[in-house]
Amino acid sequence: MDIAPEDWDLMLDAVTARLRTHSTSQQAVMLECAAALEQLHAALRHERATACAELAGIRDGEQRARRMARHDALTGLPNRSDFHDQLDRVLAARHGGSQSVGVLYLDLDGFKHINDTHGHATGDTLLQIVAARLSRAVRAEDVMSRLGGDEFACMLPSLQNREQLNRLARTLFQVVSAPVVIDQLQLIVRPSIGVTICPDDATTAELLLRRADAAMYSAKRQQCGYVFFDHLDTSP
C-alpha cells in the first residue's frame, strides 16, 4: 500500500509524541528514541524538499529545451520547423475549405554585404532589430517566423481579403526599410517579399512556401518590394 508523504509526517509526529510522554523506568531511552526519530523526520523532510526542487528544475529544463527546439535562438521567433507545423495545422483546420490563409516570404536585400563588411555581430544585431519590427507589425493571431539566415515568413491564418495582404506587405516593407543605427553605424536594408494565398495558389504548407519563395525572388529581381505569386509570368 502506498503511503503519502503527509501520512508519514503524521505517523512520525504521533510516535515521537508517544515516546516523549512515556513514564516508565526506561524514559531516558524513550527520549533518546524520540530525539532520533525527530532527526530522521527532519532528514526526510529535507530529502523530500530537495527532490521536489530537483524535479521542478528538471521540468523547467524540459520546457526550456522544448521551446529552444521550436524557436530561433537569435531572434526568439518560431523557427522553420515550428512555422511549417503551425501552417500545416491551420490548413488542416480550414472550415469547409472556405477559409483563406495568407503567407509572406521575406528576404533581406544586401544583408550578406552588411554581414561581410561590418561583421557577424552587427549582422546578428540587425536581424534581431528586423525581427522585432516584423513582430510588432503583425496581429497577435498572425505567426512571424525566422526561417534561417536573413529569411523570414509570416502566416495570416484568417485572411479576410487580398487587400489585407497588400497592406501588410507594404507595412512590412516600410518597417524593415527604416534606417537602423548600430553602434553609431547607420544601416539601411530593404526586404523582398513574396506572397501566396491558400487555396488560390496552393493548399499545402510546402507548396505555399515554395511558391512564396519564387514570388520573393521575382520581387528581388524587379526591386519592386513585393510580388504575388499569381502575378508571376509562368509561361515557357
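As shown above, the structure is provided for reference.
None of these values were measured; they are calculated from a predicted model.

**Q** Would you mind going over the overall build of the protein chain with me for this structure?
**A** A count of helices and strands for the protein chain gives seven helices and seven strands. Secondary structure elements in the protein chain, listed N-terminal to C-terminal, are α-α-α-β-α-α-β-β-α-β-β-β-α-β.

**Q** Explain the sheet that holds strand S6 (residues 190-198) here, please?
**A** Pairing between the strands of a sheet comes from backbone hydrogen bonds, and it takes one of two forms, parallel or antiparallel. Spatially, the five strands line up as an open sheet ordered S2-S3-S1-S6-S7, and their pairing is mixed. Two strands lie at the open edges of the sheet, namely strand S2 (143-148) and strand S7 (226-228), each paired on one side alone. Shown here is a sheet whose adjacent strand axes are inclined to one another by a mean of 20 degrees, direction ignored. Examined bridge by bridge, S6 and S7 share three bridges and lie parallel to one another. Paired with Gly194 across the strands is Val227, a residue of S7. Running at roughly 160 degrees to S6, helix H6 (residues 162-177) makes contact with strand S1 (100-109), S2, strand S3 (151-159), S6 and S7 of the sheet.

**Q** For this particular structure, what's the right way to read helix H7 (residues 205-222)?
**A** Working note: α-helix, 3.6 residues per turn, so residues spaced by three or four point in the same direction. Between the first and last C-alpha of H7 there are 26 Å, a value that for 18 residues agrees with the 26 Å anticipated at 1.5 Å per step. Within the span of H7, buried status applies to Ala205, Leu208, Leu209, Ala212, Ala215, Met216, Ser218 and Ala219. Where H7 is buried, its residues meet helix H3 (80-92), S1, S3, S6 and S7. Of the residues one or two after H7, Gln223 is the one with positive phi, at around 55 degrees.

**Q** In this structure, what is going on with the nonpolar core? I would like to understand it.
**A** A general trend in soluble globular proteins is that nonpolar side chains are found buried together. If you look at the biggest cluster of nonpolar residues, it comprises 30 residues, and the most contacted ones within it are Leu104, Phe152 and Leu172. Elements represented by at least two residues in this core include exactly S1, helix H4 (111-118), helix H5 (120-137), S3, H6, strand S4 (180-182) and S6. If near-sequence neighbours (up to four positions away) are discounted, Leu104 is found in contact with Phe152, Ala153, Cys154, Leu156, Leu165, Leu168, Ala169, Leu172, Ile193, Gly194 and Val195.

**Q** What exactly am I supposed to notice about the pairing of S6 here?
**A** Burial analysis of S6 places eight of its nine residues in the buried class, the great majority of the element. For S1 and S6, the ladder comprises nine bridges, and the chain directions are antiparallel. Bridge pairing in S6 links Asp107 to Ser192.

**Q** Any chance you could explain the packing of H4 against H5 here in plain terms?
**A** The angle between the axes and the distance between the axes are what describe a pair of packed helices. Between H4 and H5, whose axes approach to 6 Å, the crossing angle comes to 140 degrees. Viewed along their axes, H4 and H5 adopt a mutual orientation that is oblique. Contacts from Phe111, Ile114, Asn115 and His118 of H4 reach H5 at His120, Thr122, Gly123, Leu126 and Leu127. Per-class residue counts for the contact of H4 with H5 are four nonpolar, five polar and no charged.

The rules we used
- Residues numbered from 1 in each chain as written.
- Predicted model: local features only at pLDDT ≥ 70, side-chain atom pairs only at ≥ 80, totals over all residues.
- Heavy atoms only, no water.
- Helix = DSSP H or I, 4+ residues; strand = E, 2+ residues; numbered from the N terminus.
- Pairing = 2+ DSSP bridges.
- Axes fitted to C-alpha atoms, helices over the stretch in contact; angles between N-to-C directions.
- Contact = heavy atoms within 4.5 Å.
- Expected span 1.5 Å × (residues − 1).
- Buried < 20%, exposed > 50% of the residue type's maximum accessible area, 1.4 Å probe, protein only.
- Core = buried A, V, L, I, M, F, W, Y, C linked by side-chain atoms within 4.5 Å.
- Parallel < 35°, antiparallel > 145°, perpendicular 65-115°, else oblique.
- Nonpolar A, V, L, I, M, F, W, Y, C, P; charged D, E, K, R; others polar.

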